[in-house]
Amino acid sequence: MSTHASALSAEVAALAAKLPLDRLRKAKEHGFSDTQIANIFSTEEAVVRQLRKQYGLDSVFKTVDTCAAEFDAKTPYHYSTYDLENESISSDRKKVIILGGGPNRIGQGIEFDYCCVQAVFALREAGYETIMVNCNPETVSTDYDIADKLYFEPLTFEDTIRIIEHEQPLGVIVSFGGQTPLKLSGRLHEAGVTILGTSPEGIDLAEDRKKFGALLDRLNIPHPEYGTAVCLEEAQAITRRIGYPVLVRPSYVLGGRAMKIIYSDDSLKEYVDQALFITEKYPLLVDRFLETAVEFDIDAIADESDCVISGIMQHVEAAGIHSGDSTSILPYHNISPEVIAKMKEYTRIMARNIKVVGLMNVQYAVQNNSVYVIEVNPRASRTVPFVGKATAIPVVKIATRVMLGEKLSDLRREFDLKDCDELGMKHMAIKEPVFPFSKFVKSGVYLGPEMRSTGEAMSLAEEFPEAFAKAYQAANMHLPLSGSVFISVNDQDKNHRILDIARSLYRMDFDLVATEGTYRFLKDNGIECKMVFKVGEEGRPNIFDIIKHGKINFVINTPRGEQALHDEEAIGAASVLSNVPFVTTIEAAEASVQAIDCIRHQEFGVKSLQEYASYRNTK
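Numbering of residues begins from 1 in every chain and follows the order in which that chain's sequence is written. In view of the model being predicted, local features appear only for residues whose pLDDT reaches at least 70, and side-chain atom pairs are presented and counted only at 80 or more, with totals across whole chains, interfaces and linings using the full set of residues. Hydrogen atoms and water are omitted, and side-chain values are computed over all heavy atoms in the structure.

Quoted verbatim from the Pathway (unreviewed entry) field of UniProt, the annotation for the chain is "Amino-acid biosynthesis; L-arginine biosynthesis; carbamoyl phosphate from bicarbonate: step 1/1." UniProt positions are given in the numbering used here, feature names are shortened, and annotations may be inferred rather than shown by experiment. Recorded under Sequence similarities (unreviewed entry), the UniProt text for the chain is reproduced unchanged: "Belongs to the CarB family."

Here's what the structure looks like:
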């Protein structure tokens, strides 16, 4: 017997002395999890689990009859409890378990549920019995007629491993439900469960910042300078080395939860003091923040010998805004082919070295035509449904078949697969986030690395301006066709681009209003505008007052630095309260001006998704 096993046996014996079978059974009947019991008795979950196994104490599954006993139910679903009779009968068919995304909230997109459901359809088509494990009643995956069998259970190791032991599947898919099931992959693998798709080692390599950073260094792939810290002193040492601003976040989070851009030691201390937990296992990640970069999302399908770039999405917003909150364009717009080629090359190299099998998502920052890797997720991302609909490629179906062992090279021929920039798309697709700011005015409206959107709209058109105008309308943001535009840009944005924007608005008969620095820049370049006070300046009315009183119809404000972000909050709050559309990057301003011009000059047509998809049949 190994030292570890004998130590575990000793702990189990010690716990058995305190917790006889009848007491443990009663605790389980009252809903205490192994983790809770371990916490009460100051031991490990594995010890409680081992004791339960020693006692022969396991949960059973009860059936919810969806036909209320009127006739034989074809679509019952199951839940676990501690009782005598098990009502779930395991079939002898070949089967696969899919772990869903668990509870949903802001920052945890329903897009993952789309992936789970599409995977169910693909598995069923391939002849497998499909078993879904999820616990959110508001998702499609928990509709009892979607999967062959549904277990309405929490996404914990204890509950998941019990279902796996009962059903004995060929394997388990963890990469379609986001971060929640991904965290379980290591423990399930250690318990002897077959994980379909990317291995737990590959998942850990991408998720563990130190391991991933070392991999990028070995592969000579650029990335922003970074460090990991378990206390304030370590975090400050990193910022002294790489400089402010930095992007800080806990490891293993979804939706950018608790991420923040930090500009000073005081703000860093405040962040660390408020952090829920920072440990050796879950350290704080500190990255150099590339404040003027453009971000890209790359989706790919890979196996051990091939990789298809299924989506290249360019963010309209500046770097640092969560991908779930960004306006994304597919195909990309006004980017050099060399940059695109470099991102595709890096994606293929990383897929091969992480040994990705199935889906992966890579986030890049491009600054001065230099490409930097921000992070890699060896799982489905929230962009997958958008990519699939925009390109008319069944991304999840193909990825599922790869995870079942089919070769991507064979699927290339079956589905006529190419990288998305080689497909010959004849239309533009834009993903526009929908925000709840009008309902939660005090929550602050400035976008950052923590996801804020509660939904998204998708628009399709043959030209970029029309697609962008439709995206705004779909997200219930109404661009003005006349009136006054407020402009305030940081020093770096005082260039020919803002001059072109201002001149276009002036030609369309908009009145221009600007704060002092921007006002002088526009006037010096021959553009008529009026000056207004900043939020923090002495003198009234300031821009907040003017927006609040309905005298501004569109806001262009590109903040940079901590104080500028503070001012932006006030301007953004006033805009939301007054239902005034606003943009916070030059890229978004350019796109908005093109969209306004488009709305003024043309009627929009309506086409079905199938009509846009017909480009696949015209080659």
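A.B. asks: Can you help me understand the overall build of the chain in this one?
C.D. replies: To qualify as a helix, a DSSP run of H or I must reach at least 4 residues; to qualify as a strand, a run of E must reach at least 2; elements of each kind are numbered from the N terminus. Looking only at helices and strands, the chain has 23 helices and 23 strands in total. Relative accessibility decides the category of a residue: with a 1.4 Å probe and only protein chains considered, values under 20% of the type maximum give buried, values over 50% give exposed, and everything between is partly exposed. Evaluated residue by residue, the chain yields a buried proportion of 55% over its 619 residues. Looking at the chain alone, contacts between residues at least 24 apart form 67% of all its contacts between residues at least 6 apart. Two residues form a contact once any of their heavy atoms are found within 4.5 Å.

A.B. asks: What is the right way to look at helix α12 (residues 265-274) in this model?
C.D. replies: Residues spaced three or four apart along an α-helix face the same direction, because each turn holds 3.6 residues. Within the span of α12, buried status applies to Ser267, Leu268, Tyr271 and Val272. Along the axis of α12, the buried residues cluster in a sector spanning 135°; they form a single face. Of the exposed residues in α12, those oriented more than 90 degrees away from the buried face are Asp266, Asp273 and Gln274. Throughout, the arc means that of the directions going from the helix axis to the C-beta atoms.

A.B. asks: Looking at this model, I keep getting lost on the packing of helix α4 (residues 45-55) against helix α6 (residues 157-167). Mind explaining?
C.D. replies: The relative placement of two packed helices comes down to the angle between their axes together with the axis-to-axis distance. Running from N to C, α4 and α6 point in directions that differ by 35°, and their axes come no closer than 12 Å. Crossing of α4 against α6: the hand is right-handed. Residues Glu45, Arg49, Arg52 and Lys53 of α4 form the contact with α6, whose participating residues are Phe157, Glu158, Ile161 and Glu165. Of the residues assigned to the contact of α4 with α6, the class counts are two nonpolar, no polar and six charged. Each axis is a line fitted through C-alpha atoms, taken for helices only over the stretch in contact, and angles between the N-to-C directions span 0 to 180 degrees. By definition, turning the near helix anticlockwise from the far helix through less than a right angle yields a left-handed crossing, and turning it clockwise yields a right-handed one. In this classification, Asp, Glu, Lys and Arg are treated as charged, Ala, Val, Leu, Ile, Met, Phe, Trp, Tyr, Cys and Pro as nonpolar, and every other residue, Gly included, as polar.

A.B. asks: What exactly am I supposed to notice about the sheet that holds strand β19 (residues 484-489) here?
C.D. replies: Sheets are built from strands that pair by backbone hydrogen bonding, the pairs being arranged parallel or antiparallel. The five strands lie next to each other as β21-β20-β19-β22-β23, forming an open sheet whose pairing is parallel. Strands at the two margins of the open sheet, each flanked by one partner only, are β21 (530-531) and β23 (582-583). Looking at chain direction, strand β22 (residues 554-558) and β23 are connected through two bridges and run parallel. If you follow Val555 over to β23, its bridge partner there is Phe582. Along the sheet, helix α18 (residues 496-507) makes contact with β19, β20 (511-514) and β22, crossing β19 at roughly 170°. Only strands joined by at least two bridges in the DSSP assignment are considered to pair.

A.B. asks: What is the right way to read the pairing of strand β4 (residues 129-134) from this model?
C.D. replies: In the case of a regular strand, side chains alternate between the two sheet surfaces. For β4, the tally of buried residues reaches six of six residues, placing the bulk of the element in the interior. Residues Glu129, Ile131 and Val133 line one face of β4 and the alternating positions Thr130, Met132 and Asn134 line the opposite face, and both faces are buried. With five bridges connecting them, strand β3 (residues 95-99) and β4 associate as parallel partners. When the sheet's bridge partners are listed, Ile98 is paired in β4 with Met132.

A.B. asks: Where do I start with the environment of Leu512 in this structure?
C.D. replies: Take Leu512: it is sitting in strand β20. Overall, Leu512 belongs to the buried group, its relative accessible area being 4%. Distance from Leu512 to Lys530, taken between C-alpha atoms, is 6.4 Å for residues 18 residues apart in sequence. Setting aside chain neighbours within four positions, we find Leu512 in contact with Val485, Ile487, Ala502, Leu505, Ile527, Glu528, Cys529 and Lys530.

A.B. asks: It is not clear to me how the nonpolar core should be interpreted in this structure. Could you clarify?
C.D. replies: As a rule of thumb, nonpolar side chains are buried together in soluble globular proteins. Residues belong to one nonpolar core when they are buried, are Ala, Val, Leu, Ile, Met, Phe, Trp, Tyr or Cys, and are joined through side-chain atoms within 4.5 Å. Among the nonpolar cores identified, the biggest contains 76 residues, and Phe176, Met343, Met350, Ile354, Tyr364 and Val373 are the most heavily contacted of them. It is helix α13 (residues 337-354) that provides the largest number of residues to this core, a total of eight residues. Setting aside its immediate chain neighbours within four residues, Phe176 contacts Phe112, Cys115, Cys116, Ala119, Leu359, Ala380, Val396, Thr400 and Met403. Ala471, Tyr472, Val489 and Val593 belong to the second-largest nonpolar core, a separate cluster that totals 39 residues.

A.B. asks: I tried to follow the side chain of His315 on my own but got confused; where do I start?
C.D. replies: By the element assignment, His315 lies in strand β13 (residues 307-318). A distance of 2.8 Å separates the side chain of His315 from the side chain of Asp297, its partner in a polar contact. If we skip the residues at most four places from it in the chain, His315 touches Val294, Glu295, Phe296, Asp297, Ile321, Ser323, Ser326, Thr327 and Ser328. Any N or O atom pair separated by 3.5 Å or less is treated as a polar contact, with the protein-specific requirement of one donor-capable and one acceptor-capable atom, and with residues adjacent in sequence counted only for side-chain atom pairs.

A.B. asks: I keep staring at the environment of Tyr364 and nothing clicks. Help me out?
C.D. replies: Along the polypeptide, Tyr364 turns up in strand β15 (residues 358-367). By relative accessible area, which is 0% here, Tyr364 ends up buried. Here Thr347 takes part through its side chain, which lies 2.7 Å from a polar atom of the side chain of Tyr364.

A.B. asks: When you look at the pattern of salt bridges in this model, what are you seeing that I'm missing?
C.D. replies: Oppositely charged side chains may form a pair once their charged atoms are brought near each other. Salt bridge criterion: a side-chain nitrogen from Lys or Arg within 4 Å of a carboxyl oxygen from Asp or Glu. The final tally for this structure, using the stated rule, is 35 salt bridges. One salt bridge connects Glu45 with Arg187, and the closest N-O pair in it is separated by 3.1 Å. With Glu45 in helix α4 and Arg187 in helix α8 (residues 185-190), the pair connects residues that are 142 residues apart, well separated along the chain. On the basis of relative accessible area, Glu45 is assigned to the buried category, the value being 15%. Note that Asp419 and Lys344 form a salt bridge whose closest N and O atoms lie 3.1 Å from each other. Placement of Asp419 in the loop between α16 (408-415) and β17 (428-434) and of Lys344 in helix α13 is noted, with a sequence separation of 75 residues between them. An identical accessibility class is assigned to Asp419 and Lys344; each is buried. By sharing partners, the salt bridges in this structure join Lys28, Asp34, Arg49, Arg52, Lys53, Asp58, Glu158 and Glu165 into a single network.

A.B. asks: What is the right way to read the packing of aromatic side chains from this model?
C.D. replies: When two rings of Phe, Tyr or Trp (its six-membered ring) have centres within 6.5 Å they constitute a pair, described as stacked for plane angles under 30 degrees, edge-to-face for angles over 60, and tilted for the intermediate range. This model, assessed by the stated rule, comprises five aromatic pairs. Ring centres 5.0 Å apart and planes at 70° place the aromatic pair Phe61 and Tyr151 in the edge-to-face group. Here the residue Phe61 occupies a position in strand β1 (residues 60-64), and Tyr151 occupies one in strand β5 (residues 149-152), the gap between them amounting to 90 residues. Using a relative accessible area of 0% as the deciding quantity, one classes Tyr151 as buried. A centroid spacing of 5.7 Å and a plane angle of 45° characterise the contact between Phe464 and Phe468, whose relative ring orientation is tilted. Of this pair, Phe464 and Phe468 both sit in helix α17 (residues 464-474), four residues apart, roughly one helical turn.

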